[in-house]
Amino acid sequence: MIRVALLVVLGVSACGDEGGAAGEGTDADEDGWSLEEGDCDDADIGVFPGALDAPYDGVDADCAGNDDEDADGDGEPRATDCDDLDAGVFSGAPEACDGVDNDCDGNVDDDESMGWALYTDNDRDGFGVGGSVGLGCAAIDGLSFHAGDCDDTDPNVFPGQAELCNEVDDDCSGAVDDAPLDGIAAYLDADLDGYGDAAFPEVRCTVDEGWSGTGSDCDDADPLSNPGEGELCDQRDNDCDGTSDDGATEDRTWYPDGDGDGFGVATGAQAACAVPAGFAALATDCDDGDATVYPRAEEHCDGADDDCDGAIDEDASEGSVWYLDEDGDGEGALTGTVFCESPAGWVALGGDCDDGDPLVNTSAVELCNNVDDNCDGALDERSADGAGEWFPDHDADGFGVEGISTPSCSPPAGYAATLTDCDDTDPRRNPGARERCDGVDNDCDDVVDEDASDAGLWYSDADNDGYGAGEGIAACEGPDGGVANDLDCDDADVARRPGASEAENGVDDDCDVLVDEDWIAAGIVVVSEVTRQPYAGGTGTSTNVDAQWFEIYNPGSDAVDLAGWYITEQDGDGYFVPPEQGLVVAPGGTLVFCYDDLTFADPTLCDWTWADAAHGAPWYDSTYYFDRDEDFVALYAGGLLIDEVHWTYDETAGYWPRSAKYAMRLDDDALTAAANDDLSAWCNASITTTWTDSSLVAHPDYGTPNAANGSCD
């Protein structure tokens with residue numbers, strides 16, 4: 001925290017009656033206030049009643065007695081007040097929907113009794129359905145502050161949405177495709193003459209029968225009065241030009257109207273300019289003896305076609321609404337139809353929101369199945385049968401604690417299905433957490449730091465040289481005599497450890513796998529024989545790689561341990577010589593490395609099989625083999641190239657014998673690294689010595705593995 005010191009400089013007059021209070025008593029710091037008048041520090045000119053008090057600077061500048069304890073004056077000291085600069089924030093303060101932790105419990109806006117009603121909003125369109133499922137300060141995914149959605153499975157259907165021509169009640173007004181945004185203007189055409197009445201406009205999706213795209217009809221009760229008609233002698237403005245009978249060319253036909261209901265019949269028609277008594281302009285009456293029967297008359301439950309539309313008792317005024325019950329559950333669909341009597345398969349009760357499922361209706365029990373079983377507009381509400389009990393999970397780690405639980409079909413935000421959390425303020429502590437080395441029971445099993453995921457491996461350091469060996473023990477803290485590495489190559493010898501000086505003693509002193517590497521020089525051993533092209537029978541040459549081998553010779557006077565050396569060839573394949581395997585070349589002695597020893601007449605002649613996967617990486621390589629015409633074999637001790645023999649075949653020069661079944665041998669008089677670079681020092685193996693097993697190989701291969709090569713002369 002940055003502390004700001006405020007220096008108040010007061011001009012104090014030499015006279016005691018200016019600058020402060022009454023000036024009575026001692027005022028040593030001349031700040032205008034004496035000790036008797038309330039100055040709590042008469043040695044500091046910046047401390048007196050009413051001075052500007054900077055919080056948390058260790059000085060009670062205004063002598064109020066609460067500096068650094070309760071800066072906002074809300075009665076709670078700074079030590080427990082989570083915001084000591086806001087008097088409305090302290091422990092136990094009422095929580096408000098303001099994005100602030102008012103009651104200092106570590107949670108913001110967490111009082112379940114405050115906020116606004118929330119409704120289930122499955123389609124996330126901002127409007128919910130059904131009754132309130134609780135209160136909230138902020139919108140929650142899947143919930144809304146607004147009710148009234150008529151289809152909570154379609155995000156494009158909600159109150160206020162623009163109505164479109166799609167046979168859907170987009171705006172939840174209760175009507176489908178009413179005044180659609182993408183509709184067309186239509187006008188009522190009561191007389192079906194193709195012209196509508198401008199006084200009855202309506203935006204519709206289609207211009208159906210009884211409607212017209214033009215509103216220019218001047219008499220929508222007379223089909224012979226519209227802008228497309230010729231003028232008749234009938235005292236009417238037939239052509240809608242504002243004048244009756246102007247330019248009429250013939251009399252109009254009138255139809256007998258025996259019952260005086262304004263609609264006649266075709267039989268007995270008369271031609272006249274004016275309507276005769278007892279006649280009408282239309283011959284559409286279906287019963288001219290009954291004045292209550294005529295087109296568009298009110299239909300009644302009387303077994304008659306009262307409105308002359310060809311149907312009997314449909315939509316009768318005294319009929320009842322019946323609902324089709326297709327699933328037979330006793331409850332019909334949402335929309336009903338008026339009938340005088342119940343048709344078969346129809347019932348008086350509607351409201352079934354899925355009339356294809358007999359288990360879904362307004363009387364059904366809501367289940368936890370993502371279906372609105374009781375047709376109340378909500379899915380799987382808290383009262384649903386099968387709803388689980390969920391417990392408060394304040395740290396949102398999936399494990400709850402005792403508290404006010406809530407039923408729900410699915411996990412509500414901030415709740416969990418279990419009561420097994422041992423610390424509901426820390427999401428890193430729960431029965432599913434991994435134990436860590438932190439002195440805390442992370443996995444709630446009442447044991448601390450056991451099997452911790454970040455535990456270190458500790459190794460025995462028997463010789464106390466700081467380097468361990470053997471099997472590691474996982475623990476948060478190392479045991480006595482243990483170290484956190486296993487780099488020691490001999491834990492019984494303090495002189496052998498990483499970083500130790502390498503001595504010429506035939507031992508790996510510095511634990512880098514190599515033995516006596518500081519005394520190793522190029523040419524200390526040489527490649528003395530190579531079988532790159534074993535014979536497989538037939539004619540011509542062969543690439544029988546499974547029977548390849550090469551020999552290493554030690555021309556020096558000291559044994560050479562090959563532990564950790566790397567052997568490679570032209571393609572980049574290679575393998576390391578394993579330590580502690582006794583692969584040591586004695587002075588004047590040889591070692592043979594072979595692909596495998598299956599074809600050797602004496603398998604003991606093969607000192608190391610480089611293609612045997614049982615050796616494990618990096619001590620083998622089954623893809624390491626020689627090309628018969630162009631390749632090399634190279635020996636490395638660390639980064640030092642000890643020896644390399646490279647062969648190239650040239651038809652003209654005749655370098656290297658190309659015939660199959662002969663090993664390439666180095667003349668016994670040329671067993672040095674310098675001499676084996678001379679092609680003239682190499683020749684075919686002697687035809688008198690074979691190394692192959694005649695029971696396995698029908699054709700002998702010649703060479704002298706682990707034996708003297710002889711002279712090439």
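Asker: I tried to follow the sheet that holds strand β10 (residues 320-324) on my own but got confused; where do I start?
Answerer: With antiparallel pairing, 3 strands are arranged side by side in an open sheet as β11-β10-β12. Of all the strands in the sheet, the pair left with one neighbour each is β11 (337-339) and β12 (346-347). Both β10 and β12 contribute to a ladder of 2 bridges, which runs antiparallel. When the sheet's bridge partners are listed, L324 is paired in β12 with W346.

Asker: Where do I start with the pairing of strand β20 (residues 549-553) in this structure?
Answerer: Regular strands place side chains that alternate from one sheet face to the opposite one. Summarising burial for β20: 5 of the 5 residues are buried, a large majority. In β20, alternate side chains face the same way, and those of W549, E551 and Y553 on one face and F550 and I552 on the other are all buried. The pairing of β20 with strand β25 (residues 590-594) spans 5 bridges and is classified as antiparallel. Along β25, the bridge assignment pairs I552 with L591.

Asker: Looking at this structure, I do not really get the packing of aromatic side chains. What am I missing?
Answerer: Centre-to-centre distance and the angle between the planes together describe a pair of aromatic rings. Taken as a whole and assessed by the stated rule, the structure comprises 20 aromatic pairs. Measuring from ring centre to ring centre gives 5.1 Å for F339 and W346, while their planes differ by 75°; the resulting arrangement is edge-to-face. An aromatic cluster is built from F550, Y575, F593, Y595, W610, Y624, F626 and W647, whose rings are joined through pairwise contacts. Over the face of the ring belonging to Y535 we find K661, whose NZ or CZ atom lies 5.7 Å from the ring centre.

Asker: Just checking my understanding: could you explain the state of the cysteines for this structure?
Answerer: Disulfide: a covalent bond formed between the sulfur atoms of two cysteine residues. In the structure shown here, the tally under the stated rule is 15 disulfides. Here C82 engages in a disulfide with C104; their sulfurs sit 2.1 Å apart. Its torsion about the S-S bond being -80°, the disulfide of C82 and C104 is classed as left-handed. Highlighted residues: C82 in the segment before β1 (116-120) and C104 in the segment before β1, separated in sequence by 22 residues. Accessibility expressed as a relative area gives 43% for C82, which makes it partly exposed. Between C683 and C712 runs a disulfide, and the two sulfur atoms are separated by 2.0 Å.

Parameters and conventions
Residues numbered from 1 in each chain as written. Predicted model: local features only at pLDDT ≥ 70, side-chain atom pairs only at ≥ 80, totals over all residues. Heavy atoms only, no water. Pairing = 2+ DSSP bridges. Helix = DSSP H or I, 4+ residues; strand = E, 2+ residues; numbered from the N terminus. Buried < 20%, exposed > 50% of the residue type's maximum accessible area, 1.4 Å probe, protein only. Phe/Tyr/Trp six-rings, centres within 6.5 Å; stacked < 30°, edge-to-face > 60°. Lys NZ or Arg CZ within 6 Å of the ring centre and 35° of its normal. Disulfide = S-S within 2.5 Å.

No statement about biological role is implied by the geometric values presented.
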